[in-house]
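# Coordinate analysis (summary)
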Amino acid sequence: KPFSNNDFFALLKFLQTPAPSDQAELAFHSLKNDILSFLIETEMQPELLGQEMITSLADTSQHIVWREYIAQYIPTMHDKLQSDSDLKESLIDNLWQATHEQQDAIAGTSLMSLHAISQKAADFDQNELDQLIQEIAFDEQTDPASRMGAISLLKQRKITVEPQVLMELSKDQSQSIMLR
């Protein structure tokens with residue numbers, strides 16, 4: 001039986017379901033991740049699916065694991081949309097917004113997704129992204145996982161920083177072991 005619009009809407013509704021409050025929460029988010037991947041690949045209703053991704057990413061009451069999965073898939077969704085779609089800009093705007101969340105890894109994940117999009121988008125502001133990467137990499141208030149993502153992007157994007165700055169970071173015993 002072919003995948004129908006009714007099937008699509010049933011799975012989309014499932015993506016909107018809050019996770020159970022038991023120990024199966026991470027498995028639940030993993031299932032939602034698989035469903036999101038499948039729905040993106042079907043290329044059915046991309047505007048509707050993209051809007052759902054924006055809504056869920058922006059909703060800070062959603063579990064962080066789910067929001068991170070969404071941020072990881074935004075470059076793929078961005079590629080699937082028509083070039084004149086306003087939704088493409090909204091997806092990017094939501095990633096920029098998520099980079100300002102310091103308490104968990106979502107900022108780093110969003111930076112990685114912005115980087116992926118920037119590699120294909122001719123009109124992307126590379127300088128603004130480079131500046132934000134540097135800010136997050138060296139912001140002591142930002143989650144260490146996000147900072148590690150930013151430090152990784154320093155090298156990938158060939159952003160020049162003083163080697164002494166990185167050496168000081170690696171020797172700073174007050175920093176997370178992840179950063180040293």
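None of the values given here were measured: they were computed from a predicted structure. (Residues numbered from 1 in each chain as written. Predicted model: local features only at pLDDT ≥ 70, side-chain atom pairs only at ≥ 80, totals over all residues. Heavy atoms only, no water.)

### Considering the overall build of the protein
Per the secondary structure count, the protein includes 9 helices and 0 strands. Each helix and strand of the protein, placed in order from N terminus to C terminus, yields the pattern α-α-α-α-α-α-α-α-α. Classification of the 180 residues of the protein by burial places 44% in the buried group. Taking the intrachain contacts of the protein between residues at least 6 apart in sequence as the baseline, contacts between residues at least 24 apart amount to 60%. With an accessible surface of roughly 10,000 Å², the protein has 50% of that area assigned to carbon and sulfur atoms. (Helix = DSSP H or I, 4+ residues; strand = E, 2+ residues; numbered from the N terminus. Buried < 20%, exposed > 50% of the residue type's maximum accessible area, 1.4 Å probe, protein only. Contact = heavy atoms within 4.5 Å. Areas by Shrake-Rupley, 256 points an atom, 1.4 Å probe, with all protein chains shown as cover.)

### Notes on the packing of helix 7 (residues 126-137) against helix 8 (residues 144-156)
Packed helix pairs are characterised by how far apart their axes lie and by the angle those axes make with each other. One can describe the packing of helix 7 onto helix 8 by two numbers: an axis separation of 8 Å at closest approach and a directional angle of 135°. Judged by the inter-axis angle, helix 7 sits oblique to helix 8. Crossing handedness for the pair helix 7 and helix 8: left-handed. Residues I133, Q134, I136 and A137 of helix 7 touch helix 8, and the partners they reach there are S146, R147, A150, I151, L153 and L154. Of the residues assigned to the contact of helix 7 with helix 8, the class counts are 7 nonpolar, 2 polar and 1 charged. (Axes fitted to C-alpha atoms, helices over the stretch in contact; angles between N-to-C directions. Parallel < 35°, antiparallel > 145°, perpendicular 65-115°, else oblique. Left-handed = near helix turned anticlockwise from the far one by under 90°. Nonpolar A, V, L, I, M, F, W, Y, C, P; charged D, E, K, R; others polar.)

### What about unusual backbone geometry?
Unlike most non-glycine residues, E43 shows phi in positive territory, near 60°. Residue position: E43 is located in the loop between helix 2 (25-42) and helix 3 (46-58).

### Remarks on the confidence of the model for the protein
Taken as a whole, the protein shows an average pLDDT of 87; of its residues, 89% reach a score of 70 or greater. Mean pLDDT per element in the protein: helix 9 (residues 163-171) is the minimum at 56, and helix 6 (residues 106-118) is the maximum at 96. (pLDDT = per-residue confidence, 0-100.)

### Section: the pattern of salt bridges
Tallied over the entire structure, the rule returns 5 salt bridges. When the shortest N-O distance is used, the salt bridge between D79 and K120 registers 2.7 Å. Of this pair, D79 sits in helix 4 (residues 64-80) while K120 sits in the loop between helix 6 and helix 7, and the two are 41 residues apart along the sequence. Three or more residues are tied together by salt bridges with common partners; here these are E41, E43 and K80. (Salt bridge = Lys/Arg side-chain N within 4 Å of Asp/Glu carboxyl O.)

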